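Architecture at a glance
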Amino acid sequence: MNDETIAATFERLPEWVNHDSALLHRGRWCATSFLIGAGAVPLYVGIDAGRILHVQRGPALMRSWRFAVRADADAWTRFWQPLPEPGFHDLLAMSRFGRAVIEGDLQPFMANLRYFKEVLEAPRRAMVAAGGAKS
């Protein structure tokens, strides 16, 4: 996958997250905005009560966000595999091995860690449900 394909996949997050009652319940106390770095494409995500309000492409001058999760297209592609290899199975593992960067005010991220992990894994679950990962 390239940066554009990764960004287009992330733009479908509202479709997957907002219809997952367990995930909405898990994020019910979460209201924030954050940045996803899909390679060179920044995506601004707004969340309120666990519901994704918007995923907007950037760059946007002076656009605020609380924290960012950035990785290149190869890392996101490997992260979304049905059975990711070690080091790509988890956001914190990707960060630990230098494949992703998590930066900014990490308080909302860490306070809702499982919620954010599952939000960013939503493409993996959707691809598995559709019959396999896309390459």
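Higher on the page you've got the structure.
Numbers given for residues are sequential positions, taken from 1 along each chain in its written order. pLDDT decides what is reported in this predicted model: residues at 70 or higher carry local features, side-chain atom pairs at 80 or more are listed and counted, and totals for whole chains, interfaces and linings draw on all residues regardless. As a rule here, side-chain values cover all heavy atoms of the structure and leave hydrogens and water aside.

This part covers the overall build of the protein. In DSSP terms, a helix is any run of H or I states spanning at least four residues, a strand is any run of E spanning at least two, and both are numbered starting from the N terminus. The secondary structure content of the protein amounts to 7 helices and 5 strands. Mapped from its N terminus to its C terminus, the protein presents α and β elements in the order α-α-α-β-β-β-β-α-α-β-α-α. Computed over C-alpha atoms, the radius of gyration of the protein comes to 14 Å, within 12% of the 14 Å expected from 2.2 N^0.38 for 135 residues, which places it in the range of a compact globule. A principal-axis box enclosing the C-alpha atoms of the protein has dimensions of 30 × 30 × 25 Å. In the protein, of all internal contacts separated by at least 6 residues, the share reaching a separation of at least 24 is 64%. Radius of gyration here is computed from C-alpha atoms only, and the compact-globule reference equals 2.2 Å multiplied by the residue count raised to the power 0.38. Pairs of residues are marked as contacts when any of their non-hydrogen atoms sit within 4.5 Å.

Moving on: the environment of Glu15. On the secondary structure map, Glu15 appears in helix 2 (residues 13-17). Along the sequence, Glu15 and Ile52 sit 37 residues apart, while their C-alpha atoms lie 8.8 Å from each other. The definition of a polar contact used here is a pair of N or O atoms within 3.5 Å, where within protein one atom must be able to donate a hydrogen and the other to accept one, and adjacent residues in sequence count solely through side-chain atom pairs. Of the polar contacts made by the side chain of Glu15, one reaches the side chain of Arg12; its length is 2.7 Å.

This part covers the sheet that holds strand 2 (residues 41-48). Note: two strands are recorded as paired if DSSP finds a minimum of 2 bridges between them. Across the sheet, which stays open at both edges, the 5 strands sit in the order 3-2-1-4-5 with mixed pairing between neighbours. Edge positions in the sheet fall to strand 3 (51-57) and strand 5 (100-104), since each of these pairs with one other strand and no more. Strand-to-strand twist in this sheet, taken as the mean axis angle between neighbours without regard to direction, amounts to 20 degrees. Every axis corresponds to a line fitted to the C-alpha atoms, with the helix fit spanning only the stretch in contact, and the corresponding angles, defined between N-to-C directions, vary from 0 to 180 degrees. Against the sheet, helix 7 (residues 113-129) contacts strand 1 (31-38), strand 2, strand 3 and strand 4 (67-71), and its axis sits at roughly 45 degrees relative to strand 1.

These figures capture arrangement, not role.
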